[in-house]
Every structure is written in C-alpha cells, then in structure tokens.
Amino acid sequence: MIKTIKLAFLGLISMAFVGSAYADLTFVSWGGAYTASQQKAYVDTWSKGSGVTVENYNGGLGEIKAQVEANNVTWDVVDVLPDQAITGCDEGLFLKVDQSHFINDMVVKPVSECISPQIFWSYVAFYDPAAFPGKKPKTIKDFFDVKKFPGKRGIHTWANALIEMALVADGVKPSKVYDVMSSDGGIDRAFKKLDTIKDHVVFWSAGSKPLELVSSGEVVMSLAYNGRIGAAILQEGKSFNYIWDGQVLEQEYLVVVKGTKNEAEAREFVKHASTAESLALQAKYIPYGPMRSSSIDIIKKGEPFFNTGVDVLPHMPNTPKRLRRSVIADPFWWADNGAEVSERFGVWKGN
Amino acid sequence: MSEKDSFVKFENVDKSYDGESLVVKGLNLDIPQGEFLTMLGPSGSGKTTTLMMLAGFETPTSGEIYLGGEPISSIPPYKRGIGMVFQNYALFPHMTVNENLAFPLEVRKLEKSEVDEKVHKALSMVELQDFGTRMPLQLSGGQQQRVALARALVFQPRLVLMDEPLGALDKKLREQMQYEIKHIHENIGITVVYVTHDQSEALTMSNRIAVFNDGKIQQISTPDVLYEKPDNSFVAQFIGENNQIKGKVKSMNGKNCVVETDNGDEIVSLKININSVGETSLLSLRPERVWVNVNEKNYENNFEAKVEELIYLGDHVRTRVKVCGNDQFIVKIPNSSDHSDLKEGATVKLSWKAGDTRALDFKA
Amino acid sequence: MSSETISGPILTSDGIPLKVSLRKAEKRNKIRAFLLVLPLLAFILITFIIPIGDMLSRSVDDRYINTVFPKTFEVFKKWDKQDLPPEEVYETMFFEINAAKGYKIGKSSTRMNYSKSGWKSLIKKSQRKFKRIKEGPYKEQMIEIDKRWGDPLYWKALGEMVDPTTMGYYLNAVDLKYDSNKEIIAQPENRRIYNHTWIKTFKVSLLVTLFTLMLGYPIAYLLATLPLKYSNLLMICVLLPFWTSLLVRTVAWMIILQQNGVFNNLMVIAGLIADENRWKLMYNETGTIIVMTQILLPFMVLPLYSVMKTISPSYMKAALNLGASPLHAFWKVYMPNSLPGISAGGLLVFIIAIGYFITPELVGGKDGQMIGNWIAYHLKTTLNWGLCAALGSILLAVMLVFYWVYNKIIGVENIKLG
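Within each chain, residue numbers correspond to sequence positions counted from 1 in written order. Ligands are numbered from 1 and chains lettered from A, in the order in which they are written. Local features in this predicted model are restricted to residues whose pLDDT is 70 or higher, and side-chain atom pairs enter the listing and the counts only when it is 80 or higher, whereas totals over whole chains, interfaces and linings include all residues. The side-chain values count all of the structure's non-hydrogen atoms but skip hydrogen atoms and water molecules.

Quick word on helix 16 (residues 326-354) of chain C
Working definition: helices are DSSP H or I runs of at least four residues, strands are E runs of at least two. Numbering for both runs from the N terminus. Take the residue count of a helix, subtract one, and multiply by 1.5 Å to get its expected span. Its 29 residues place the ends of helix 16 of chain C only 36 Å apart at the C-alpha level, less than the 42 Å of an ideal helix rising 1.5 Å per residue. To obtain the bend at a residue, axes are fitted to the seven residues ending there and to the seven starting there, and the angle between these axes is taken. Approximately 45 degrees is the largest bend angle found in helix 16 of chain C, and it occurs at leucine 339 of chain C, with the proline proline 340 of chain C only one to four residues beyond.

Below, the structure written as structure tokens:
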C-alpha cells in the first residue's frame, strides 16, 4: 500500500517537472462563447510549436501585474481591452510586437505598440419586439425617452459607454462625443441625461444578465454586448431587435506578457491569430466584428458565413453604415478620466 | 390512605418513548411525607424516567401522578416547586455560587435582603459560606455537589429529587456525602426521592428502597427487609452478595420446600416465590449465613464441600467452595483460630438453616 | 538527609548544578518545540505578515515617481505656487521626460494621473512631440504642443508627489485630497463616494450579522438539541448551500427576487401587492443583504452549534426546576452560555461580510455595492494599488478596532468555535 502511494507521489512529482520543462503556451481570455470561437479560429488552426492551454479570467490587469512584479509569468498571451492595453504597455507589463503586417489594414489605428488586432464588440441597446406592439424604438434617444417608450431599462453597473450614449441621446454627434466629454460641463451634461432614466433602470453586471432581463420582461429594453444578443438570435432562435444607433464600439486585442518563458512562440501565435483569415474565421462562430478591413471582405464574399448557414454581417457592429452613428470608445480618454468618472458614477448610482 | 401516607402518588403510570415498548409499566407507588425513598436499579430499568416524570420533564403516557393530593401531569416543571439535584450538578457556569443559589429566590421575586439571608443560610448548611463569590468551576467536585444540594433546598421545596447526585465523586467523598445528605434530610425533614444504581448507597441512606427492573418495581421495602427477605431472585441478586443454587422443587410442605439440585443434593428452604412441585427454582443464600464444621443437628442443610480458593480479607476469609454442584459458592468465614487449618483443596462440612435459604423464581 | 544541610547549589548525581542541568534539558525541549512550529511560522510569515507589510508600505509609498523626476521636484519646491512655474521647472521636466527610459515614464504618468486626471495622456502625447523642440526656452514651446502645460492645476497636482511618502491614498480613501498648496480639503461633492461606501459597508455587514444571528440561532439550537438522526438531516440542509457554487446560488436569488421574479409574482397572485407596486428586492442594497445573509448563514450556525452542543441540557432543566419560566430560563441561563458562540459567529460573519465583493457586484446594482467592490475595481482596472492598499489598510484597522472593542466587552477568551 505504502509502496503504491510512494510510486504515485513520485509520478506526480515527475509530471510536474515534465510539465514545466515543456510548457504549453498559455492563452488567457474571457471564456464562454467568445473564447470558444477563439479556440476554433486560432488555437485549432495553430500547428507550430507545442500545444496551447486556454484559461479564463475576468479582465483587468491585476493578475498580470502581480505575475510580472513577482517575476513569475505563467500567462503568455492575454486578450485585453484597449485601456488595459495602453496602461499595461505603459507600465511595462506587455511586450512591444511587430505590427507591420496589419498596420495598414486596420479599421481604426492601433492604440498601442503592444497590441495585435482582434475584434470590435459593442455596447448596444436591444429589445424584444413583443414588448412594443405599436411603434418600436429606433434610436438611442428612444432608449432614453421613458415617456415615449415607458418601461424599465437594463444598464450595466459601470460608467463606460453610458456617458457616451447619454450624450448621443442628448443630441451630440457621435464623432464629437469625446470633445464634449473633455470640455467643461460635458460630463455634467451626460449625468443630467442619465438622471432622466434613473428611476427606470435595472443594473446588471454579468453579460448573460441583460438577455434574461429582457426575456423575462423585467425590463423592456437593455444595453448588452452585441455578441451576446447575436448568439441568442443566431443560436437560440430568440427574436430580439438591435438599436444600432448610438452603439459604443470597444476593441479587443491580444498582447504578449513581458517576462513570458515562451516569448518567440507567443509572438508567433499572436501573429497567427491576427491574420485576416484567422479574424474572418472567428466570425463563423461569433458575430463580433474583425478589426481588419480585409477580413470583412472575406466574410462578405463568403456569406452566408455563419456556421449555422446564415448571414453574419447583419449582426456585426462595424459595417460602414452602422459606424456612421456609432461611437468608437476612446481608451485614452478613459485611461485619463476613468477613475474620476467611475467614482462620480458610483455617487450617481447610490443617490 | 391518608394524604400524609401518599404525599407523592403514582397511579398506574405507563411511559413509552416510541409507542412500541414501555419504559415504565403500570407503576403504582406511594411516598409518605418526610420519607427518604430511593429508586434503585440497573440502567434502563425505568428509575430515572420515573424521576423525570415526577420533576415534570417527561409526561406519563397514561396514568396520573399526584403531589400532595393534586394531579400534576398538566403542571409545567417550573410551577411544581420541586427541588432537584442533577447528575452533573447543573450549576450555572456563568454565575457565582451566590447567584446560583439566589436564582430560584429571585425568580420567586423575594426581597433582596431575604434572598441574601436564605442564600447564606443554605450555604452554611453545606458549610460553604466562604465560597459564595466563587464560580462553580473553581470548586472541587464535592463542593459543587454541596452547592447543588444547597440550591435545590434554598427555596424550601416540598420535595427534593436527586438523580444519581454522587455518581461523579470518588469513593471516599461519596461515602462522606452520603452521610451528609442523610443528616440534612433528618434535620429538615423534607421528602426525598433519590435515584441510584449503587446498592450500598441505597442501603446507607434510605428509609425505603424501590428496586426497579424492566420498567417495574420488583420490591419496595426498608433496606433490612430487602436484604434479608428478597421477594425474587432479581432483588436477591441485586442487593448484597448472594449464593445462587439452581434446582427443581421436589416437594412442598407448609412454609418450607425441598429443592433437588442437578447433582442430586436435596436442600430444605423457605418457600417464597414458587408455586408447584416440579418447577425450577433459584435458591438464594447469603454467604454469611453458612457455617463451617459445626454441630449438624442445629441445621437442616449439611453438605460436604471442597475448598477451591481462599481470599484473605482481614476480618474474614472469603472462601470459594464447590458444593451441591456449584463451584462459585462463597462462604464468609470469620477470622478466628478455629479455622486456621483451612487450606485449598481441603474438604469441609458446610451447614445452613432452611430459614436462611429462600426458594425464588428462576428466569431462564 | 545530610546533604540538605550543605549550603550552595543543589547538584545532580553527576555533580552538575541542578539548575544548569534543568536548563539544558529544557533547551532541548524548546528547540524541538520551535522546530515543530517552524513550518507554520514560515507559512504565516510568507502568506500573511509579508503581504500585509507590503500592503501597508504601498499605501504610503511614493518613491517611484521621485526616482523619475528628482530634479524637477527639486526646482519645483522653490516655486511660489502662484500662476505658472518658472522656466527652470519646465526645462528640467522636459529633460527628465526625455531621459526616462522604457516603461519608467508610463508608470509615472499613471501615478500622476491619480492626482489629476489628464496627466497620462498629456505625458504620452508630449513625449512624441518633444522631439520637435530643439532648444530653450521650453515653457512656451511646451504650451504650444499641448495647452494643458499652461494649466496651473496640472502643475499644482505635482505638489503632493514630491515627498517619498504620501498620505494621498489614505485621503482619497476617505473622500479628502490635497489642494494645490498641500492643504487637506474635501473632494468635490460629485466624487465623494468612499465615505458613503464605508458607511454602507458597515451598515450592510452589521445587518447581515444581525440577520444571520436571528435566523441561525434557532437552527443551531435545533441542531444541538434534536436527536442525531434529525439533526444530521438538518445539518445537511444547513451545509448544502455551502457545497453549491456561489454564483449558482446568487443567480437563483436573482430569479426569485427580481421584480418579475417568483416571489413578486406569488405576492401579486396572492393579491398582497399590486402589480405596479412590485417590491424592489434585487439589484439594490436589500438584495445584497438578503443574498449575503443566506450565503453567510453557515458561518453563524456552525460556531453557534458547536458551542450549544457543549451546553448541557440539564442547565435548562435545572432552571425550569428552580422555578424559571421557559423564557426566563432561556434568557438568564441558556443565552449567556451560548454567548461565546454568538460572539464567535458574529465576529466571523462580520469580518467576512465587510470584505465581501462578489455578491454585492452581482446583486448590488444601484446602491448595494461595498468597499470591496472599489478595491477590486482599482486593483484590476485603474491599477491604483496605492489606493487599494489604503482602503485595505483601513479595513484591516477597522477589523482590529472591532476586535479590540470586542475583547474589552466580551473577552477574546470567550470566543469558542467548539
């Protein structure tokens, strides 16, 4: 008996050594359908080097900073948001990468020298058409108009995108939103607009929640991540309508963590994951918009492109028509003012 | 019966916990005022359940209990006014000795001065007047025992119940406390119902003892009668040391009978708990009522016996012999020069009287 | 014995003084005892003492920025804080920004941004454009590159960084800040979030502690007094939530308590509330309290149970026997004896509750968020670990104060977990 235990123990130890000697590349992302699409588009098509282990996290730079500071980096490639990409690059948490192969093919300029392009996703309003038998809401202005369209609204518990949407609803042109936000009284104006729906909101913080809120009738319309709505329509057959007007587009990037033990391989991997083909392939599995213009061309030619045999472009946030009435979130503005606005937003929520 | 003779009265009381078996069966018991009654029996015999029914912590399944002529089954325990000493004293650990004693008095809303006086008096009674400010856990087991006793008496209950109160003490302290409790009882004349499984404790303290077994009172009587004249083989065996010889009733004649043992010896004995010739009986004979090498004429029963083992105990020699086919037969031989030649393996002549031999029931 | 008459130290049989011999024998024991606790000691040191020390030092540490702008701060101190700083300050700043290698400047700008929003992008933009400036004077050219260089507010915000230690994070944690003259002033009203959140955190924690006690006490009492076969079943019922994922439980509560949820539907069907007046039990403080009460209930029940298990049932019997009514007996006898369990459970629940953040994040919605949520936010999003450390240190200090008060009133030796 004791002998068996000893053998098992030795086995475990040796496995640990083997594990560390030939470490897989660790790719960290957000989980769910999004990571599943990345798995299919990048990981399953990755033939070089050793395997790729996919892990999930909840965003933020906390863990990465802790790993870098402790000089014990176990995450090699991480999927991050733009403001994190900027801060992380500034603070030296990420490595600068070669951007020459995509720099001229980007819908918007890359925010940092550390990033490789991934997707656009957006905060967008949506509703169940059954909730509005008559006139249906069409613009973000309607979302903020509780007289014309009575009922509760679902919004998220943090400030990003809400400020922008409030200003667009208040009549600011999408392209001028950040000018207003940077000017005196701009933020006050946004909060004043938010005040008009304050008594009619239900807050959510998990991405699956707004769909439940709308399905159950807890709210008549809600903001949500566009990919979640798309998945509900395309895969679960729900009938939801988008209000693309006033949507706020966010970007998603891959970065290589500084101090990775697999630097060369990690660089190769992010390059592979940001080719036009890889980005297009991802759209087969989730209706987020690729950041490279040529990927959109590939999808357009390939329609019906989605894996269930339907068109995917109607669910993508970054078609040229939609971009005209969209705000592209400015990570620099948020890196500067995020903390201050978040605190203000906290005060606003609580009062 | 007068009220004084049945201060406490159990009338056809049954108790069952599970609806399938009875823990107490058809109990009838009268306790006169001022008596020290002990309920003695092995564990599971129903004695503690009986006590708990009297205290009010258990309700009889059927029958009624009377206290001072009043039925009390429907009176909750805190209105019965019965004092009780618990097995592990149940002193409140978060209160001082004084506070423990004052508790029943304060509940009864007595004046502060009266409370103090009574507490002091009760503590003096158990000779702990200097320990009032101690916490119970700072006292020795014996002291805690006395505090528990004082607390049960301080509010002058009509009746005090004691549930194996000395069980946790060592032997010497236990014996000392037995006398103390007995003296307190004699001094204040309160009615006491005492539960124990220790027969010597019961014999020392009680006016009367009720021997419990199997949910029933086997015999209730004074200590001497129980010892001298047990009614059945359980009581004979449970109280005091006892030689038992199994045999068949051969003949019956007036108050005597003859019992034949398995090896053919015939023993004359008192006919106590047998009904007919031919039934099996267990003879009971106290070891100190057997004599060695004496004049046979004075005794109805005379047998040869082989000495198997001698145990020297100072004042007497405890001798195990084989007689009438029974090799566990004990004889207590006084330590006198007459018997200095006693040796293991020797053959001696044993004699005993028919009047000391009781033919009792045999339960297989 | 004759030896007793000899004066001087008592010797052992081999002639060594008894004391020396004893010390030697005990030393061996002491070393052995020390070696036995050594792993634990090291473990506590590594996992507890060092991180807490690190947190405390981070909450006041401001050295990093001083290594990037040492000269700027030197000349900055001479400035009279009127209008704009002199050319000398601009010049040193210009050179130190240019000289900063690698990530130094990024890290510094993040720090500067805590004091004044905007520093981050100002530095980042300027860094690139500074290449155009070939020679002084620098002041006008810098203002030309970005007009914010001409905004005194940015410059004055630097004032709180010139010392290697700062109280700025602690001030921030209680809605105060330094003004440009390094005087302590209140935050502008629309940013005063932390004091409000502190109060809410304590209020919610106290209420949760109270509710878990009210719900847990009878359960623990039943557990401790029921026969084993029933109490085992009940114990499983108490522990079952423990074994269920926190998220699953929280989501279940959302489904039950939201305005279109099971509970409100039943109330409407029963006619107890009107359809348009459905109760708001979720996505607010009420929701946070309800869900946290359920989640933390086992932490109250278990210590209570283990203490109650040791309370002999004969105490209650004795009290009843002595004439106390059941209520009086409970209040005067049972309750005081269960106090160690109440305080252990209360302290445990309170301390867990005050640092809680997952549940408030999910169900707190409008006003149910606690200080833990802000710590998590700054930890992950703004990377303002100094503020996190300050918030955490205050939390730690508050816990110690509670512990101290508790010790004064009830006594730590009265905590009992079983």
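From this point, things continue past the structure.
Some points on the packing of aromatic side chains
Stacked, tilted and edge-to-face pairs are distinguished by plane angle, under 30 degrees for stacked and over 60 for edge-to-face with tilted covering the rest, among Phe, Tyr and Trp rings (Trp via its six-membered ring) whose centres lie within 6.5 Å. With the rule as written, the count across this model stands at 48 aromatic pairs over all chains. With 5.9 Å between their ring centres and 55 degrees between their planes, tyrosine 123 of chain A and tyrosine 225 of chain A make a pair best called tilted. Of this pair, tyrosine 123 of chain A sits in strand 4 (residues 116-127) while tyrosine 225 of chain A sits in strand 7 (residues 221-225), and the two are 102 residues apart along the sequence. Each residue's exposure class comes from its accessible area (1.4 Å probe, protein chains only) as a fraction of the maximum for that residue type: buried when under 20%, exposed when over 50%, partly exposed otherwise. Exposure remark for tyrosine 225 of chain A: the relative accessible area of 19% places this residue in the buried category. Taken together, the ring pairs in this structure connect Tyr90, Phe94, Phe95, Trp119, Phe130, Tyr138, Trp149, Tyr154 and Trp155 of chain C into an aromatic cluster. Above the face of the phenylalanine 203 of chain A ring, lysine 349 of chain A is positioned so that its terminal group lies 5.7 Å from the ring centre. Remark: a charge is flagged as sitting over a ring if the NZ atom of Lys or the CZ atom of Arg is within 6 Å of the ring centre and within 35 degrees of the ring normal.

Focus on the sheet that holds strand 10 (residues 216-221) of chain B
All names here are of chain B. Criterion used throughout: strands pair if DSSP finds at least two bridges between them. Taken in spatial order, the 6 strands make up an open sheet running 6-7-8-3-9-10, and their pairing is mixed. Of all strands in the sheet, those with a lone pairing partner are strand 6 (82-85) and strand 10, marking the two edges. Shown here is a sheet whose adjacent strand axes are inclined to one another by a mean of 20 degrees, direction ignored. Direction of pairing for strand 6 relative to strand 7 (residues 159-163): parallel, over a ladder of 4 bridges. Counted as the bridge partner of isoleucine 82 is leucine 159 from strand 7. Axis definition: a line fit to C-alpha positions, over the contact stretch in the case of helices; interaxial angles, taken between N-to-C directions, run 0 to 180 degrees.

Quick word on the domain arrangement of chain B
Residue and element names in this part refer to chain B. On domain assignment, one finds that chain B holds domain 1 (8-233) and domain 2 (242-361). The domain limits used here are those given by an automatic or database domain assignment. Each of domain 1 and domain 2 has a C-alpha centre, and the two are 39 Å apart. Around 760 Å² of area is buried between domain 1 and domain 2 when both sides are counted, 38% of it from carbon and sulfur atoms. We define a salt bridge as a contact between a side-chain nitrogen of Lys or Arg and a carboxyl oxygen of Asp or Glu at a distance within 4 Å. In this structure, the connection of domain 1 to domain 2 is made through 1 salt bridge. What qualifies as a polar contact is a pair of N or O atoms within 3.5 Å, subject to a donor-acceptor requirement within protein and to the restriction that residues adjacent in sequence count only when both atoms come from side chains. Counting every contact that joins domain 1 to domain 2 gives 7 residue pairs in polar contact (both at pLDDT 80 or more). Here the side of domain 1 that touches domain 2 takes 3 residues from helix 7 (residues 223-228), the largest share from any one element. Ten residue types, Ala, Val, Leu, Ile, Met, Phe, Trp, Tyr, Cys and Pro, are classed as nonpolar, four, Asp, Glu, Lys and Arg, as charged, and the remainder, Gly among them, as polar. Among the residues forming the side of domain 1 that touches domain 2, the class breakdown is 3 nonpolar, 2 polar and 3 charged. The term buried area denotes the loss of accessible surface (1.4 Å probe radius) that occurs when two parts are joined, taken as the sum for both partners.

Examining the domain arrangement of chain C
Residues and elements named next belong to chain C. Taken as a whole, chain C is organised into domain 1 (16-51), domain 2 (63-188) and domain 3 (194-414). Averaged C-alpha coordinates put domain 2 and domain 3 at centres separated by 47 Å. Taken together, the 8 residues of domain 2 in the interface contact 14 residues of domain 3. For the pair domain 2 and domain 3, the summed buried area comes to about 880 Å², and 58% of that belongs to carbon and sulfur atoms. At the boundary of domain 2 and domain 3, one finds 0 salt bridges. Linking domain 2 to domain 3 there are 7 residue pairs in polar contact (both at pLDDT 80 or more). Counting residues per element, the ones that place at least two in the side of domain 2 that touches domain 3 are helix 5 (104-115) and helix 9 (168-173). If one sorts the elements of the side of domain 2 that touches domain 3 by residue count, helix 9 sits on top with 4 residues. Here the side of domain 2 that touches domain 3 is composed, by residue class, of 5 nonpolar, 2 polar and 1 charged. A contact between two residues is defined here by any heavy atoms of the two lying within 4.5 Å.

Regarding the confidence of the model for chain B
Close inspection of predicted coordinates is inappropriate for parts of the model with low pLDDT. The predictor attaches a confidence to each residue, and that confidence, scored 0 to 100, is pLDDT. Mean pLDDT for chain B: 89, with 97% of residues reaching 70 or above. Ranking the helices and strands of chain B by mean pLDDT puts strand 3 (residues 36-40) of chain B first, with 95, and strand 15 (residues 291-292) of chain B last, with 86.

Brief notes about the pattern of salt bridges
Working definition: two side chains of opposite charge can pair if their charged atoms are close together. Scanning the entire structure with this criterion turns up 36 salt bridges over all chains. Residue aspartate 188 of chain A pairs with arginine 344 of chain A through a salt bridge whose shortest N-O separation is 2.6 Å. One end of the pair, aspartate 188 of chain A, is in helix 8 (residues 186-195); the other, arginine 344 of chain A, is in helix 15 (residues 331-350), and 156 residues separate them in sequence. Judged by relative accessible area, which is 16%, arginine 344 of chain A ranks as buried. Glutamate 343 of chain A serves as the salt-bridge partner of arginine 191 of chain C, at 2.8 Å between the closest nitrogen and oxygen. Of the two residues, arginine 191 of chain C sits in the loop between strand 2 (184-186) and helix 10 (194-225) while glutamate 343 of chain A sits in helix 15, which places them in two different chains. Residue arginine 191 of chain C shares its accessibility class with glutamate 343 of chain A, and that shared class is buried. Taken together, the salt bridges that share partners define one network made up of Lys65 and Glu69 of chain A together with Asp54 and Arg58 of chain C.

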